[in-house]
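These are the residues of each chain, in order.
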Amino acid sequence: MAIERHTEQHTGEDFRPHRVVVLAMDGALPFELGIPHRIFGRPKDAAGRHLYEVVTCSIRPPGPVRTDADFAIMVASGPETLATADTVIVPASYELGPVFEQGVLTPELAAALAHIRPGTRLASICTGVYVLAAAGHLDGRPATTHWADAERLQRLFPQIKVDADVLYVDDGDVLTSAGVAAGVDLCLHIVRRDHGTAVANDVARRTVVPPHREGGQAQFIQRPVPEPQLATTTTARAWALGRLHEPIQLRDMADQESMSVRTFTRRFREEVGISPGQWLTQQRVERARHLLETTGLSVDQVARDAGFGTAQSMRQHLQAALGVTPTAYRRTFRSGSDDSGRYGSVDTRS
């Protein structure tokens, strides 16, 4: 999918932050409900202005909304606020009723969603995907949710291409994520898509979370915290990150842990969820993105420093991962003031 920038004009009198409206429904999970505020409330431009404005609304007039915890939250905005959104995020709820059980919207929820303007970007966290699905926004499209609910989602909505093995799915104007922490990954991905890796990495540092987990990474990792008596692949990963510009063989990484290639590969998948080769490619793509955004190095030099060797190889990998060429990516994220509109697609021809 080609990178798109969902940004407003950031100069002079025309500045307006991108408005993210979070839909709070009864049975909301406080953690998931708070993720958008935590992530989108952080990014600022060079002038210190917030790049996003985050507003929470209910499907009813302002008032209390139940959560799955032992407290309710007071929501000051009603469903009409959805009409003002540039992006709508639907977090998880444990009280979706017929939406979860039968795949149909309640009249109250349908009336609320009717306020959303055509062209608004939509995103869900965990079971919030059922709301988007019941509203017809996912017909014929790929989507994900928490692995424990994926089978039900596919059964209720056979027209959706459900992928239970990924952290999040970016399908352009509609994005869906798995549960809990995957919502953090999704929101950081949106920030990265809108404003580049430097801004997203700053948010991640301030939130004390990993700056990037690829959407295609597995939801369920067999051994995310290794048993104390077992060796890990941490040293090999740190070693590789320090020399991404060099050729790195699987044997080299295995040697850092004094393991056979077969044992290392198995242990790596158990801990990271993907193969060493996939992980290396992801890290090199991230390195290339950072250099394209923050330096004036030539494309050839960026390719060498990121470990791709040639500009052609880097172009192929960025095209596969991001849907854009290196030149188009750099133009997008180093041209902060020349956005042509609210949804400016990157030129992929360069």
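Quick notes on the rules
- Residues numbered from 1 in each chain as written.
- Predicted model: local features only at pLDDT ≥ 70, side-chain atom pairs only at ≥ 80, totals over all residues.
- Heavy atoms only, no water.
- Axes fitted to C-alpha atoms, helices over the stretch in contact; angles between N-to-C directions.
- Helix = DSSP H or I, 4+ residues; strand = E, 2+ residues; numbered from the N terminus.
- Parallel < 35°, antiparallel > 145°, perpendicular 65-115°, else oblique.
- Left-handed = near helix turned anticlockwise from the far one by under 90°.
- Contact = heavy atoms within 4.5 Å.
- Nonpolar A, V, L, I, M, F, W, Y, C, P; charged D, E, K, R; others polar.
- Salt bridge = Lys/Arg side-chain N within 4 Å of Asp/Glu carboxyl O.
- Buried < 20%, exposed > 50% of the residue type's maximum accessible area, 1.4 Å probe, protein only.
- pLDDT = per-residue confidence, 0-100.
- Expected span 1.5 Å × (residues − 1).
- Core = buried A, V, L, I, M, F, W, Y, C linked by side-chain atoms within 4.5 Å.
- Pairing = 2+ DSSP bridges.

Colleague: Go over the packing of helix H6 (residues 181-195) against helix H7 (residues 197-207) with me, naming the residues and quoting the values.
Modeller: The contact between H6 and H7 brings their axes to 7 Å, and the two run at 150°. One finds that H6 runs roughly antiparallel with respect to H7. As for how H6 packs across H7, the hand of that crossing is right-handed. Contacts between H6 and H7 pair Leu 188, Val 191, Arg 192 and His 195 from the former with Thr 197, Val 199, Ala 200, Asn 201, Val 203 and Ala 204 from the latter. Each residue belonging to the contact of H6 with H7 can be placed in one class, and the counts come to six nonpolar, three polar and one charged.

Colleague: Now, about the pattern of salt bridges: what can you tell me, with residues and values included?
Modeller: Tallying each qualifying case throughout the model produces 20 salt bridges. With a closest N to O distance of 3.6 Å, Asp 86 and Arg 117 form a salt bridge. Placement of Asp 86 in the loop between strand E5 (72-75) and strand E6 (87-90) and of Arg 117 in the loop between helix H3 (107-113) and strand E7 (121-125) is noted, with a sequence separation of 31 residues between them. Given a relative accessible area of 0%, Asp 86 falls into the buried group. By relative accessible area, Arg 117 is classed as partly exposed at 34%.

Colleague: Kindly report on the confidence of the model for the protein chain, identifying the contributing residues and their values.
Modeller: If pLDDT is low for a region, its predicted coordinates should not be looked at in detail. Mean pLDDT over the protein chain stands at 88; residues scoring 70 or higher make up 86%. Throughout residues 336-350 the model reports pLDDT below 50, and contacts reaching past four residues in sequence, or to other chains, amount to 46 contacts.

Colleague: Give me H6: which residues, what numbers.
Modeller: The end-to-end C-alpha separation of H6 is 21 Å, in line with the 21 Å expected for 15 residues at 1.5 Å each. Of all the 15 residues making up H6, 14 are buried; the element is thus mostly covered by neighbouring parts of the structure. Remark: Gly 196 follows H6 within two positions and exhibits a positive phi of approximately 95°.

Colleague: Please set out the nonpolar core residue by residue, giving values where relevant.
Modeller: Membership of the largest hydrophobic core comes to 32 residues, with the highest contact counts inside it found for Ile 39, Phe 40 and Ile 89. Secondary structure elements with two or more residues in this core: strand E2 (18-24), helix H1 (30-40), E7, H6 and H7. Here this core takes seven residues from H6, the largest share from any one element. Setting aside chain neighbours within four positions, we find Phe 40 in contact with Val 20, Tyr 52, Val 54, Ile 89, Cys 187, Ile 190 and Val 191. By size, the runner-up hydrophobic cluster in this structure holds 30 residues, among which are Tyr 130, Val 131, Ala 134 and Ala 143.

Colleague: I'd like a rundown of helix H14 (residues 326-333), residues and numbers included.
Modeller: A turn of α-helix holds 3.6 residues, and therefore any two residues three or four places apart point the same way. Taken across its eight residues, H14 has six buried, putting it largely inside the fold. Of all the positions in H14, only Pro 326, Ala 328, Tyr 329, Arg 330, Thr 332 and Phe 333 are classed as buried.

Colleague: I'd like a rundown of the sheet that holds strand E10 (residues 168-170), residues and numbers included.
Modeller: Here six strands make up an open sheet; going across it, the order is E3-E2-E6-E7-E11-E10 and the pairing mixed. Only two strands of the sheet have a single partner each, and these edge strands are strand E3 (52-58) and E10. For this sheet the average axis-to-axis angle between neighbouring strands, irrespective of direction, equals 15°. As paired elements, E7 and strand E11 (residues 174-177) share four bridges and run parallel to each other. When the sheet's bridge partners are listed, Ala 123 is paired in E11 with Leu 175. Each of E3, E6, E7, E10 and E11 touches H6; the most contacted strand, E11, lies at about 150° to it.

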